[in-house]
Amino acid sequence: LRHAHRVAIDVPPREGRARLTLTYAELDTRASAIADRIPPAGAYAEQPIVLVMLPRDCPDVYACQLAAMRRGCAFCCVDAAFPDWHIRSVIEDALPVAVLTDSAGAARLRALAGTAPVLDVTGIPASAAGGSAHTPSAGDLAYLIYTSGTTGAPKGVMIEHAGVASLVRSDVMQFGLGPGDRVAQCSSNAYDSSIEETWLAFGVGATLVPVDDERVRSGPDLVPWLREERISAFCPPPTLLRAMGVEDPPRELPDLRFLYVGGEALPQDLSDRWSAHLRLENG
C-alpha cells in the first residue's frame with residue numbers, strides 16, 4: 001500500500017468513547033477480514049449486493065464498502081434513521097447476499113432482512129487475516145443508491161466502477177489535496193455525496209474525519225469542531241454553510257483550504273465571503 005502507515009480514518013472522541021484511528025494498512029486488513037465473512041454469491045446471475053447499515057463515525061462502514069468490492073459485490077448503504085418500511089423495501093428490491101451491521105442494528109435488521117444473513121461485523125476479530133481479493137472491472141456495479149421513497153417505493157440507481165473512478169480521478173487532478181489533508185465526512189453513507197467525500201481522502205492518502213450525527217445537524221457547533229480537528233477540506237450544502245455563522249473564515253477556520261459546496265444553489269454573498277480566502281468549488 002502506498003500510504004500504509006498514514007491515518008486513513010480518524011474518528012474524534014465524544015462522550016463515552018475515545019478517539020478511534022485506522023491506518024491504511026489497518027483498513028486494508030479490516031476490509032479483507034470482513035470480506036471473508038460475506039457468503040458466496042451462489043447462483044446470482046447478476047452482480048450480488050451487500051447491504052450495509054453502520055454509522056458514518058464507525059470505521060467499519062468504510063471497511064464494509066471495500067469488503068463488498070473485494071468479494072465481487074456491490075454495496076448499498078442504508079441509514080439507521082430510515083424507517084423500517086424503507087429499509088424493508090430496499091432489501092426486497094436489492095436482494096442482498098448479506099447484511100452487514102453492528103450489534104445495535106442486528107436485531108432490527110433480522111426482522112427486516114428476510115432470508116439474507118445478518119452479520120454483526122463488530123464481532124469480527126481485528127487481527128483476522130483476509131484472503132478475498134476480487135478486482136472489479138469498469139463495468140461492474142460499485143454501489144446502489146436509493147431514492148427517499150416519499151412518492152412511492154424507493155428506487156435504486158446503479159453506479160458502475162467506471163463512473164466512480166472517473167469522478168475520483170478528476171477530483172485528484174483538480175483539487176490538489178494530498179496526504180496531509182483532513183477531509184470532513186458529513187454526508188450519510190446512504191447518499192452518494194458521501195462517496196465523493198470519502199474518496200477525496202482515500203484517493204490521495206489523506207485522512208477522513210467523520211462528523212457525528214448530532215453535530216452535523218448543527219451550524220454554529222460545527223465551527224469549533226472543524227477548528228479543533230484541523231479540517232482542511234469540507235463539503236457542506238450552502239444552507240449549512242450559512243447556518244455556521246462564520247464571518248471571518250481565515251481567523252475562525254485557519255486550517256480550512258478547500259470548500260466544496262453542492263446540493264442547492266450557492267448564494268452570491270456566501271460565494272464572495274468564502275472564495276476570497278480559500279478555494280471554493282461550486283459542485
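Conventions we followed
- Residues numbered from 1 in each chain as written.
- Predicted model: local features only at pLDDT ≥ 70, side-chain atom pairs only at ≥ 80, totals over all residues.
- Heavy atoms only, no water.
- Helix = DSSP H or I, 4+ residues; strand = E, 2+ residues; numbered from the N terminus.
- Buried < 20%, exposed > 50% of the residue type's maximum accessible area, 1.4 Å probe, protein only.
- Phe/Tyr/Trp six-rings, centres within 6.5 Å; stacked < 30°, edge-to-face > 60°.
- Lys, Arg positive; Asp, Glu negative; His and termini not counted.
- Salt bridge = Lys/Arg side-chain N within 4 Å of Asp/Glu carboxyl O.
- Polar contact = N/O pair within 3.5 Å; in protein donor to acceptor, adjacent residues only side chain to side chain.
- Contact = heavy atoms within 4.5 Å.
- Axes fitted to C-alpha atoms, helices over the stretch in contact; angles between N-to-C directions.
- Parallel < 35°, antiparallel > 145°, perpendicular 65-115°, else oblique.
- Left-handed = near helix turned anticlockwise from the far one by under 90°.
- Nonpolar A, V, L, I, M, F, W, Y, C, P; charged D, E, K, R; others polar.
- Arc of directions from axis to C-beta.

So, on to unusual backbone geometry. A positive phi is found at Leu95, a non-glycine position, where the angle reads about 50°. Residue position: Leu95 is located in the loop between helix 3 (84-94) and strand 5 (98-101). Backbone geometry places Arg230, a non-glycine residue, at a positive phi of 55°. Position of Arg230 relative to the elements: it lies in the loop between helix 8 (222-228) and strand 11 (233-234). Using a relative accessible area of 46% as the deciding quantity, one classes Arg230 as partly exposed.

Another point: the packing of aromatic side chains. Applying the stated rule across the entire model yields eight aromatic pairs. Relative to Tyr191, the ring of Phe82 lies with its centre 6.3 Å away and its plane at 65°, an arrangement referred to as edge-to-face. A residue pair is termed long-range when its members are at least 10 positions apart, and Phe82 in the loop between strand 4 (74-77) and helix 3 and Tyr191 in the loop between strand 9 (182-185) and helix 6 (193-202) qualify at 109 residues. Residue Phe82 is classed as buried on the basis of its relative accessible area of 15%. The partly exposed category is assigned to Tyr191, whose relative accessible area is 44%. Ring geometry for Trp199 versus Phe202: centroids 5.5 Å apart, planes at 85°, classification edge-to-face. Taken together, the positions of Trp199 and Phe202, both in helix 6 and three residues apart, correspond to about one turn of that helix. Since its relative accessible area comes to 28%, Trp199 is described here as partly exposed. Aromatic rings pair up to connect Tyr24, Tyr62, Trp199 and Phe202 into one cluster.

Below, the discussion takes up the side chain of Glu197. As for its position among the elements, Glu197 is in helix 6. Of the buried charged residues, Glu197 lacks a salt bridge, with Arg56 as the closest side chain of opposite charge at 6.9 Å. In terms of polar contacts, Glu197 uses its side chain to reach the backbone amide nitrogen of Ser187, at 2.9 Å.

Examined against the element boundaries, Glu229 turns out to sit in the loop between helix 8 and strand 11. Each residue touching Glu229, except ones within four places of it in the same chain, is listed here: Pro12, Arg19, Arg182 and Val209.

Most of helix 2 (residues 60-70) is tucked away: ten of the eleven residues are buried. In the segment just after helix 2, Gly72 is the residue with positive phi, at about 80°.

Running from amino to carboxyl end, helix 5 (residues 161-175) crosses helix 6 at an angle of 50°, the nearest separation of the two axes being 10 Å. Here helix 5 is positioned oblique relative to helix 6, judged by the angle of their axes. With respect to the hand of their crossing, helix 5 and helix 6 are arranged in right-handed fashion. Between helix 5 and helix 6, the contacting residues are Val164, Leu167, Val168, Asp171 and Phe175 on the first element and Ile195, Glu196, Trp199 and Leu200 on the second. In terms of residue class, the contact of helix 5 with helix 6 is built from seven nonpolar, no polar and two charged.

What follows is about helix 11 (residues 268-275). Along helix 11, the residues classified as buried are Leu270, Ser271 and Trp274. Each buried residue of helix 11 sits inside an arc of 100° when the element is viewed along its axis, so together they form one side. If you follow the buried residues of helix 11, they end up packed against helix 9 (238-243), helix 10 (249-252), strand 12 (258-261) and strand 13 (279-282).

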